[in-house]
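Chain residues, written in single-letter form:
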Amino acid sequence: MTFSLHGLAVSGGIAIGRAHLISHATLEVAQYQLRERDVAGELERLDRAIATVGEELDALRVEACAPGTPAELSAFVDIHSMLLADPALTDAVRDLIRERRCNAEWAMVQQMQQVVAQFDEFEDAYLRERKHDVVQVVERVLKVLQNKPRKLARRKPVAADDELIVVANDLSPADTIQFKNLKIGGFVTDYGGATSHTAIVARSLAIPAVVGMQHARPLIQDDDLLIVDGTRGVLLVDPDIRILEEYRLRKSALELERSKLKRLKTARATTLDGVEIQLYANIELPQDAEQARDVGADGVGLFRTEFLFMNRDELPDEDEQFEAYRSVVKGLAGKPVTIRTLDIGADKEARALRARSSGDRVSPNPALGLRAIRFCLAEPQVFLAQLRAILRASHYGTIRLLIPMLAHAHEIEQTLAMIETAKAQLREARQKFDERIQVGGMIEIPAAALALGPFLRRLDFLSIGTNDLIQYTLAIDRADGAVAHLYDPLHPAVLRLISLTIQAGERAGLPVAVCGEMAGDPRLARMLVGMGLRQFSMHPAQVLEVKQQIMMADAAQLALRVARIARMDEPEKIREAVEKL
Ligand code: PEP
Ligand code: MG
């Protein structure tokens, strides 16, 4: 039966494919007491189900060995096989059937809860996370016991180009970044806000995504046919053939439009009245540099280096980081690369850093806690290693250092002193670097935008992080779907802070960029040009569409119209006026 669900549109486009459920849910199963004479039969039923799952995993392993299949799939099959064979899971289930006369499904769920509770006790974060694998293995066995349809190997797709669509309760940025190595067509989650880092990674992957769906996960089964409309924030489940055809047409039309935009790759982003705009790319991993080059970006305006630190047990050391930064600089062949120092914390977690500084303390409010530069100043060895790695890479091209989450003058001073220390260490070790490397600050805390003096005096450039600036101005957790309707880039207070920063930069002769998600929204490009913005940084997938908007804009005329908008204080009027631009 066809039905549709609505959520927050966070990454545009259309994906059509089969559901792949990532589960965190405890399963509801029938619970009943067996008669004594049925116990032997129940034990046999359990053994058959376990054997069937074993065979399914073996079949998946064969599939995982096929050329082009990511290594992660094979690792995940191995872990699941190991758990299935582990007596700690299955022997206890047999005992529950034999001694307590529980039916197999009930026994399985009870034991799963026990094992998951043991995993929760582990100190090691990686082991703790393996509880999800336990749940997935138990789900597989339960599906066999309940005769539910399940994915054996990959089912025959409805059409050759159908994709895999991940359906989850929630995904962390660390989960999502792993999709870069897998072929995922799109994803939907029940939780999450519009500028959470999970949504940002979806945009950087250029895959359609809808978050904050609330009830998608329990209503969808593995292998259900899905359409994700990431532009409208709609998910269609089990669509009939006419809807499917309609969406296939829309999808091809979108792809055609995208490919037409490629003509603009080498065009300059110049307005009708001759104002030149720089369009930079935001990247998360070194491999993204290729996309930045492919769309003809003017350089990298934001390299979110924290993603190098995720999904691993050890920190990347100085040499590893140096190689990563150098590969981006080389990939950009002479164009500037803005490398932001570690912005870990809030929703971006790295297990290798979790226990540092805060001990095992859970921050009561991580977005306001020891995040980004605050963390780096509290962990000078981690910070110095990164600074040395960035400085060493600066010998191979143009690098600009960008510092996140600055608010206080003394944080700027401390950071500059750390950069001097890193330089001195390199000089002593006779390592080459760019002595005149530029240092910039993110403006993403309202206090920074309102007290720009030290930033203008001590730094070389500014980059406005609108994602956090909006979060902190409006006191809206950017990752929380429950308040996503209040997260408003056009709130007059937000516009005022952006405008203040651009104007102050212009007066002081300091370049100002916007590198938050607002810069990549083609509907806001003309407004930002009218505010005086000349440098935009966004995901590579958005560069050409924003360029198209800029090429059709008249900067002088927009400046007059935006000045009128700046005097408005009613959000609805502002929205209407921005739409008319
Ligand atoms: C921002 O806050 O706008 C920004 C660009 O940084 P991040 O999204 O990584 O916090
Ligand atoms: Mg930020």
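In this text the structure is predicted, and so the values were computed from the model without any measurement. (Residues numbered from 1 in each chain as written. Chains lettered and ligands numbered in written order. Predicted model: local features only at pLDDT ≥ 70, side-chain atom pairs only at ≥ 80, totals over all residues. Heavy atoms only, no water.)

1. What about the overall build of the protein chain?
- Tallying secondary structure elements over the protein chain gives 24 helices and 16 strands in all.
- For a compact globule of 581 residues, the expected C-alpha radius of gyration is about 25 Å, and the protein chain comes in at 26 Å, within 12% of that figure.
- Projected onto its principal axes, the C-alpha coordinates of the protein chain cover approximately 90 × 60 × 45 Å.
- Counting every position in the protein chain, which comprises 581 residues, the buried fraction comes to 54%. (Helix = DSSP H or I, 4+ residues; strand = E, 2+ residues; numbered from the N terminus. Rg over C-alpha atoms; globule rule 2.2 N^0.38 Å. Buried < 20%, exposed > 50% of the residue type's maximum accessible area, 1.4 Å probe, protein only.)

2. Regarding the coordination of the magnesium ion (ligand 2)
- Those protein atoms acting as donors to the magnesium ion (ligand 2) are Glu444 (OE) and Asp468 (OD), and they sit at 2.0 to 2.1 Å. Linking glutamate 444 in the loop between β13 (438–443) and α17 (446–450) with aspartate 468 in helix α19 (residues 466–474), this pair joins segments that are 24 residues apart in sequence. A single burial state applies to glutamate 444 and to aspartate 468, both of which are buried. (Donors = N, O, S within 2.8 Å, 3.2 Å for Na, K, Ca; no water.)

3. Some details on the site of ligand 1
- Ligand 1 sits among 17 residues. The nearest are Arg304, Arg340, Gly465, Asn467 and Arg478.
- Between ligand 1 and the protein, one listed contact pairs an oxygen atom with a side-chain N or O atom of arginine 304 at 2.7 Å.
- Within the side chain of aspartate 468, one N or O atom sits 2.9 Å away from an oxygen atom of ligand 1.
- If ligand 1 stood free it would expose 290 Å²; the protein chains cover 100% of that surface.
- Ranked by residues supplied to the shell around ligand 1, first place goes to α19 with three residues.
- Grouping the constituent residues of the shell around ligand 1 by class yields four nonpolar, five polar and eight charged. (Near = heavy atom within 4 Å. Polar contact = N/O pair within 3.5 Å; in protein donor to acceptor, adjacent residues only side chain to side chain. Areas by Shrake-Rupley, 256 points an atom, 1.4 Å probe, with all protein chains shown as cover. Nonpolar A, V, L, I, M, F, W, Y, C, P; charged D, E, K, R; others polar.)

4. Regarding the sheet that holds strand β16 (residues 535–538)
- Spatially, eight strands are ordered β9-β10-β11-β12-β13-β14-β15-β16 in a closed barrel, and the strand pairing comes out parallel. Taking the axes of each pair of neighbouring strands and ignoring which way they run, one obtains an average angle of 25 degrees across the sheet. (Pairing = 2+ DSSP bridges. Axes fitted to C-alpha atoms, helices over the stretch in contact; angles between N-to-C directions.)

5. What about the packing of aromatic side chains?
- Counted according to the given criterion, the structure contains three aromatic pairs.
- Its guanidinium or amino end placed over the ring of tyrosine 396, arginine 326 lies 4.8 Å from that ring's centre, counting from NZ or CZ.
- Lying over the aromatic face of phenylalanine 322, arginine 392 brings its terminal NZ or CZ to 4.2 Å of the ring centre. (Phe/Tyr/Trp six-rings, centres within 6.5 Å; stacked < 30°, edge-to-face > 60°. Lys NZ or Arg CZ within 6 Å of the ring centre and 35° of its normal.)

6. A closer look at the domain arrangement of the protein chain
- Domain annotation of the protein chain identifies domain 1 (3–22 + 152–243), domain 2 (36–145), domain 3 (299–443) and domain 4 (448–581).
- Distance between the C-alpha centres of domain 2 and domain 4: 51 Å. (Domains from an automatic or database assignment.)

7. Structural notes on helix α10 (residues 241–261)
- The end-to-end C-alpha distance of α10, which contains 21 residues, comes to 30 Å, matching closely the 30 Å that a straight helix rising 1.5 Å per residue would cover.
- Buried residues of α10: Leu244, Tyr247, Arg248, Lys251 and Leu261, and no others. Angular distribution of buried residues about the axis of α10 spans 140 degrees; they occupy a single face of the element. In α10, the exposed residues that point more than 90 degrees away from the buried face are Arg242, Leu249, Leu256 and Glu257. (Expected span 1.5 Å × (residues − 1). Arc of directions from axis to C-beta.)

8. Points about the pattern of salt bridges
- Throughout the structure, instances matching the rule amount to 38 salt bridges.
- A salt bridge links arginine 340 to aspartate 343; the nearest nitrogen and oxygen atoms lie 3.4 Å apart. For the pair shown, arginine 340 and aspartate 343 are each scored as buried.
- Taking the shortest distance from any N to any O, the salt bridge between lysine 348 and aspartate 343 comes out at 3.3 Å. (Salt bridge = Lys/Arg side-chain N within 4 Å of Asp/Glu carboxyl O.)

9. Notes on the packing of helix α12 (residues 318–331) against helix α15 (residues 380–393)
- The N-to-C vectors of α12 and α15 enclose an angle of 35 degrees; their axes lie 8 Å apart at closest approach. Relative to α15, the crossing made by α12 is right-handed. Side by side, α12 and α15 meet where Glu318, Asp319, Gln321, Phe322, Tyr325, Arg326 and Val329 of the first sit next to Ala385, Gln386, Arg388, Ala389, Ile390, Arg392 and Ala393 of the second.
- Looking at the contact of α12 with α15, its residues break down into seven nonpolar, two polar and five charged. (Left-handed = near helix turned anticlockwise from the far one by under 90°. Contact = heavy atoms within 4.5 Å.)

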